[in-house]
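# A look at the structure
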Amino acid sequence: DAGVTQSPTHLIKTRGQHVTLRCSPISGHKSVSWYQQVLGQGPQFIFQYYEKEERGRGNFPDRFSARQFPNYSSELNVNALLLGDSALYLCASSLVPQGYPDTQYFGPGTRLTVL
Amino acid sequence: AQRVTQPEKLLSVFKGAPVELKCNYSYSGSPELFWYVQYSRQRLQLLLRHISRESIKGFTADLNKGETSFHLKKPFAQEEDSAMYYCALRGSGGSNYKLTFGKGTLLTVNP
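A brief structural summary. (Residues numbered from 1 in each chain as written. Chains lettered and ligands numbered in written order. Predicted model: local features only at pLDDT ≥ 70, side-chain atom pairs only at ≥ 80, totals over all residues. Heavy atoms only, no water.)

## Concerning the overall build of chain B
- Each helix and strand counted, chain B has 0 helices and 11 strands in total.
- Each helix (α) and strand (β) of chain B, taken in turn from the N terminus, gives the series β-β-β-β-β-β-β-β-β-β-β.
- Overall, the C-alpha framework of chain B stretches about 45 × 30 × 25 Å when taken along its three principal axes.
- Looking at chain B residue by residue over its 111 residues, the buried ones come to 48%.
- A sequence separation of at least 24 residues applies to 60% of the contacts in chain B between residues at least 6 apart.
- As displayed, chain B has an accessible area near 5,600 Å², and 49% of this comes from carbon and sulfur atoms.
- Once the 15 positive and 9 negative side-chain charges of chain B are each reduced to a mean point, those two points are 8 Å apart. (Helix = DSSP H or I, 4+ residues; strand = E, 2+ residues; numbered from the N terminus. Buried < 20%, exposed > 50% of the residue type's maximum accessible area, 1.4 Å probe, protein only. Contact = heavy atoms within 4.5 Å. Areas by Shrake-Rupley, 256 points an atom, 1.4 Å probe, with all protein chains shown as cover. Lys, Arg positive; Asp, Glu negative; His and termini not counted. Charge placed at Lys NZ, Arg CZ, Asp CG, Glu CD.)

Encoded structure:
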């Protein structure tokens with residue numbers, strides 16, 4: 001198993017543009033979470049999806065949205081990009097969103113640069 | 001609100017020396033605490049969680065509810081322990097779907 005995969009690896013956009021990031025969870029995992037990691041900070045929670053439904057949302061503006069597909073893969077969309085959106089975007093998958101054992105496995109991330 | 005504080009941004013020790021990475025948290029209920037590690041050019045991975053009370057790669061961490069701390073310890077550091085370490089908290093009840101991370105501590109183990 002390749003683990004959690006994310007695409008693209010790197011992305012450069014300009015202010016005002018829109019971006020879509022993609023995540024494929026580990027086979028059998030039904031929950032996907034998205035985190036933003038700004039340089040020098042720890043990851044910050046954006047969304048969690050389970051069985052195609054949003055289970056939780058962090059303190060991010062409505063410009064951020066996500067969805068989960070029937071195969072449990074997920075997309076994170078960011079509209080009207082700002083310079084401050086430049087960050088590493090991490091996807092994590094787990095079997096279920098709660099309970100034990102419930103280890104979140106992280107992907108390698110997508111590095112987004114907004115110019 | 002839940003918050004995780006890692007007071008040391010950088011920590012440098014010599015091989016064979018004991019190491020302690022500090023983590024303090026703020027949460028009104030019963031949290032679940034984790035340590036994640038990121039080695040150079042690798043993805044973030046779980047090191048240990050307090051609920052399993054395991055020792056992984058010689059590291060241990062005890063949840064101290066009185067001091068609201070979850071410090072990570074290892075009696076004899078190895079060069080391969082050099083990495084970025086993040087303490088994380090997951091709350092109970094309605095907010096237990098997300099991990100709240102600290103800012104991380106970069107550990108360097110010198111030969």
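## What to know about the interface of chain A and chain B
- With 26 residues of chain A at the interface, the matching set in chain B holds 16 residues.
- At the boundary of chain A with chain B, total buried surface from both sides reaches about 1,700 Å², with 51% on carbon and sulfur atoms.
- At the boundary of chain A with chain B, the tally comes to 0 salt bridges.
- At the boundary of chain A and chain B, one finds 5 residue pairs in polar contact (both at pLDDT 80 or more).
- Elements with a minimum of two residues in the side of chain A that touches chain B: β4 (31-37), β5 (44-50) and β6 (53-57) of chain A.
- Residue contributions to the side of chain A that touches chain B peak at 3 residues, all from β6(A). (Buried area = accessible area lost by both parts, 1.4 Å probe. Salt bridge = Lys/Arg side-chain N within 4 Å of Asp/Glu carboxyl O. Polar contact = N/O pair within 3.5 Å; in protein donor to acceptor, adjacent residues only side chain to side chain.)

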